Amino acid sequence: MTDSRFIVGIDLGTTNSALAAIDLGREGDLVESLAVVPVPQLVAAGELAERPLLPSAAYVPGEHELPPGSRALPWGEPEVVVGEWAKVQGSRVPGRLVASAKSWLSHPRVDRTAPILPWGAPEGVTRLSPVDASALFLGHLRAAWDHAHPQAPLAAQEVVLTVPASFDEGARELTVRAARQAGLARLTLLEEPQAAFHDWAARHRADLQAALAGASLVLVVDVGGGTTDFTLIHAAVKQGTPTLTRIAVGDHLLLGGDNVDITLARRVEHRLGARLDAVQWSTLVQACRAAKEALLAERAPASAGVSVAGRGSRLVGGTLSAEITRAEVREVLLEGFFPAIGPEDVPRRAGRAGLLELGLPYESEPAITRHALAFLRDHATEVAEAIGRPVATLPRPDAILLNGGVFTPREVRERLRDVMSSWFPGEPVSLLENARLDVAVARGAASSGLVRRGVGLRIGGGSARAYYVAVDAPGEAARALCVIPRHLEEGREIAVPRTFSLLVDRPVRFRVYATRRARFDQPGDLVDLDEAAFQPLPPIETVLRAPGGGKAEIPVRLHAALTDIGTLELWCVAEDRDARWKLEFQLRGTSSDTGPTEVEAMPRRFADARALVELYYGKKAAAVDPRAVKGLFRELEKVLGPRDGWTTPVIRELWASLHAAMPRRRRSADHERLWCSLTGWCLRPGFGAPLDSWRAAETFRAFGEGLQFQSEPHNWQAWWILWRRIAGGLDEAAQARILELVMPFVPPADPRKAKPRVAGVRAEAIDELIRLAASLERVPADRKRDLGEAVFARVEREGAAPHLLWAIGRIGARVPFHGSAHTSVPKEVAEDWISRLLALPTSRAELAFPLSQLARASGDRARDVEPEVRDAVLAALAQARAPEDVIRPVREAVALGAAEEQRIFGDALPAGLRLIA
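Computed from a predicted structure; not experimentally measured.

1. So, the overall build of the protein chain
Right, so step 1: Secondary structure assignment for the protein chain yields 29 helices and 31 strands.
Right, so step 2: Taken over the C-alpha atoms alone, the protein chain extends approximately 90 × 75 × 60 Å along its principal axes.
Right, so step 3: For the protein chain, the proportion of contacts with a sequence separation of at least 24, taken over those separated by at least 6, is 71%.
Right, so step 4: Accessible area for the protein chain stands at about 36500 Å²; split by element, carbon and sulfur atoms hold 50% of it.
Right, so step 5: Seen as two clouds, the 113 positive and the 116 negative side-chain charges of the protein chain have centres 4 Å apart.

2. Examining the packing of helix α7 (residues 257-272) against helix α8 (residues 278-296)
Right, so step 1: One way to put it is that α7 packs onto α8 with a least axis distance of 8 Å and a crossing angle of 110°. With respect to each other, α7 and α8 are oriented roughly perpendicular. Pair α7 / α8 crosses with right-handed handedness. Residues G257, D258, V260, D261, I262, L264, A265, R266, V268 and E269 of α7 form the contact with α8, whose participating residues are W281, L284, V285, C288, R289 and K292.
Right, so step 2: Grouping the constituent residues of the contact of α7 with α8 by class yields 9 nonpolar, 1 polar and 6 charged.

3. Some words on the packing of helix α17 (residues 669-683) against helix α18 (residues 692-699)
Right, so step 1: Two numbers describe how α17 lies on α18: the axes approach to 11 Å, and their chain directions differ by 165°. As summarised for this structure, α17 and α18 are arranged roughly antiparallel, according to the angle between their axes. α17 and α18 meet at a crossing whose hand is left-handed. Residue-level inspection shows W675, T679 and L683 of α17 in contact with α18, the latter providing D692, R695, A696 and T699.

4. Structural notes on the sheet that holds strand β21 (residues 479-484)
Right, so step 1: Taken together, the 5 strands give an open sheet; going across it, the order is β26-β21-β20-β25-β27, and neighbouring strands pair in antiparallel fashion. Strands with a single pairing partner mark the edges of an open sheet, and in this sheet they are β26 (526-528) and β27 (535-536).
Right, so step 2: One ladder, built from 4 bridges, connects strand β20 (residues 466-471) with strand β25 (residues 512-515); its direction is antiparallel. Its bridge partner lying in β25, V469 is registered against V512.

5. So, the sheet that holds strand β14 (residues 241-249)
Right, so step 1: Strand order in the open sheet formed by 6 strands is β18-β17-β12-β13-β14-β19, and the pairing between neighbours is mixed. The open sheet is flanked by β18 (430-432) and β19 (459-460), the only strands paired with a single partner.
Right, so step 2: Pairing between strand β12 (residues 217-223) and strand β17 (residues 399-403): 5 bridges, direction parallel. Residue pairing in the sheet places V220 in a bridge with L401 of β17.

6. Description of the nonpolar core
Right, so step 1: Core analysis: the biggest nonpolar cluster contains 113 residues, and I10 and W423 have the highest contact counts within it.
Right, so step 2: The biggest single contributor to this core is α8, with 9 residues.
Right, so step 3: With residues near it in sequence (within four places) discarded, I10 still touches A18, L19, L138, L141, L154, V159, V160, L161, T162, L184 and A445.
Right, so step 4: Core analysis: the second largest hydrophobic core is formed by 101 residues, L632, W646, W720 and A807 among them.

7. Structural notes on the packing of aromatic side chains
Right, so step 1: Per the stated rule, a full pass over the model turns up 19 aromatic pairs.
Right, so step 2: With 6.5 Å between their ring centres and 65° between their planes, W423 and F424 make a pair best called edge-to-face.
Right, so step 3: Taken together through their ring pairs, the aromatic side chains of F700, F703, W719 and W723 make up a single cluster.
Right, so step 4: Sitting above the plane of the F633 ring, R643 keeps its charged end 3.8 Å from the centroid.
Right, so step 5: Its end group placed over the ring of W281, R861 keeps NZ or CZ at 3.8 Å from the ring centre.

Scoring rules and cut-offs
Residues numbered from 1 in each chain as written. Predicted model: local features only at pLDDT ≥ 70, side-chain atom pairs only at ≥ 80, totals over all residues. Heavy atoms only, no water. Helix = DSSP H or I, 4+ residues; strand = E, 2+ residues; numbered from the N terminus. Contact = heavy atoms within 4.5 Å. Areas by Shrake-Rupley, 256 points an atom, 1.4 Å probe, with all protein chains shown as cover. Lys, Arg positive; Asp, Glu negative; His and termini not counted. Charge placed at Lys NZ, Arg CZ, Asp CG, Glu CD. Axes fitted to C-alpha atoms, helices over the stretch in contact; angles between N-to-C directions. Parallel < 35°, antiparallel > 145°, perpendicular 65-115°, else oblique. Left-handed = near helix turned anticlockwise from the far one by under 90°. Nonpolar A, V, L, I, M, F, W, Y, C, P; charged D, E, K, R; others polar. Pairing = 2+ DSSP bridges. Core = buried A, V, L, I, M, F, W, Y, C linked by side-chain atoms within 4.5 Å. Buried < 20%, exposed > 50% of the residue type's maximum accessible area, 1.4 Å probe, protein only. Phe/Tyr/Trp six-rings, centres within 6.5 Å; stacked < 30°, edge-to-face > 60°. Lys NZ or Arg CZ within 6 Å of the ring centre and 35° of its normal.

Just distances and angles here, no functional claims.
Printed below as a string of structure tokens:
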């Protein structure tokens, strides 16, 4: 960007964000013009001040909560408060503070574009998506800059925005989306550890070799508010000139300053003697963060107080208070996060991510020293290859560069150096010092812009990852095609030297993988897909349209590029025409259908099964007795074996034949009923296989057309079962449409009112209609609560029928089967429903399923019921002699088991299908 007056570095941090800039218009040494840009922000109601850091905090005020003018900034009065006052006000008013939004950008199990923050906020609080929150912080920085530089707006400058080195392509794309939403369309992404090294190198530009003191392998340890990043940089001298090469980066670790705050909060909570609810807990974590920062500062006090407002009858007194000492914070840091370990130690993995504190799946192993040890061990081969040393089990870094506020206390920096030095004989590992840990990343980002202009040393090495696209072949192990090799420089496009046959005007799915491990594959190489070493990226699912129509298959080559921005792009380029398709990652949150494609040869007689469908539903079906279709299921079982044994690939192929038959399903009542039954069976549970979301959307077109034979009760039963079986593949809009139509029929009939009348719906097979309604997990929580109350009304009128109890369990489940956790009903609702279930005059055995779902432990206190409620449920389950696989998920947070999945789904799952929660 040669027309830029400034190079601006932006550190979009989990806890704080910062701006630094270099004025290219000044004469003299450009490095001398590198400066941290103070950010105007509200520090109290109506009080404006400049600060070097902008807290990455957003406060969502209630209506009429703040007086007019109290949010006024020089450039306007935003609805949401950002910065220092947001952090302060959020500690005073629970449940309205959005914090750690950056950590949510890398959380693939939620829809990161949906309004889900503040997590666990009370009803009525306006929510933001992680992307929107990030855009707010960037937008504030842009507005502050533009106010100070009206002749040089930020959007016209050379902007370098930093991201964790371990961010995958999904998180990077969402970061770019947030920046564009904030008005920053032209920018470059830079990895934070590299930015920290650039800052150090810029300050030693005149004496870099002397400052390195012979170090050829530098380990950058960047512990931010939300993530821990490791990067290895090789320093060498070639032809008398120093060179820098990044040779490895670590895996994504959701581990940082937030974890320290949570650990302190757990201690305080234990000291208070009361279990806090989700809103109180969030407030306590923020209070512990403030206390930690105060106690780690220069000339810090010996202790700091934290307090949380009491809520409800469970807590005695208006406020709960405790003290945290400076010594306690240092103990937590040193012994919990930087313990002294030996060179043979390994991270203690619990088999799953850590508890969902504040809704985020934090790393279960908190010891950063253990992760550093594992990182060095994993990249031993790369180190030997890069620096010409013999391969060692544990390569020795010559120096360590530390970054992040965690390292502000000198004893923390020295602890990490001493622990790492103990792993190797000889002299201690040297420590490279950055003067300003809080702004080093922003400064380094700006310095990197100078490097691109030829001032300073560039860090080479290209991509730290190699990228692959999965290639499947029947009867063979999954393999992957290399499309971008490791160390490819940004800005280059690769034409993969293999030709593929691309299906156009039909849905296609590309599974993309990355690996940071030492590999020397080149574009076009086919390798075994090692699931342990290859990290799956968000899938690419799309329908590629052929220009001008024509052939259904087109020969194409894959083109891949690492853009100058720092993101991955994939293209399909036609060989026989001027056509090019960009492949877009799916970033709205992943469901279980993102796993490996199942590829298997069809059964020997599968063609016969397809012919049977064609016989009754094909173009020539009129010649066949319509009544004979009633035996279609039995005939298919004669060909394919018992229906419970039909595998997922088989039934999805059979679905394709049924989908083609959809226009002729109305030939007779039996045709319609059998089509519904077979289609639901073949597409259940609506997800779990590639392209299931597309299949479900295609099938949902029949819902709009409605049922033809509406006087047939059995057809209504098959109709409701079809949509229940595939509900997991339907999006929120489709599920909301279904609920809108069926909801009037869920409450018991009121003889004082007219019967509900809904076009296209009849009150037939009510039990299946209610089961369908209960399976719509993507509808908002308030609609679920209304639905649950309607089902309870039926229980009071009709008794505790099995389908009603099952429905209550599904509607109020703490852990969804296919939906997102943010649409769960509030835990207070679940607790109320548990109380009402326990009061029913029915056996505890009949209540086992709904109770286990309503009280299931998720590890997220925003959803989990209180301990005394859980104890009551456990007692009821013990009284019912429920099996251990029903009791254990209530006692502790565990993944869904296969048997439990089937109980929740309410039907048999396809043979071999394993859904990962």
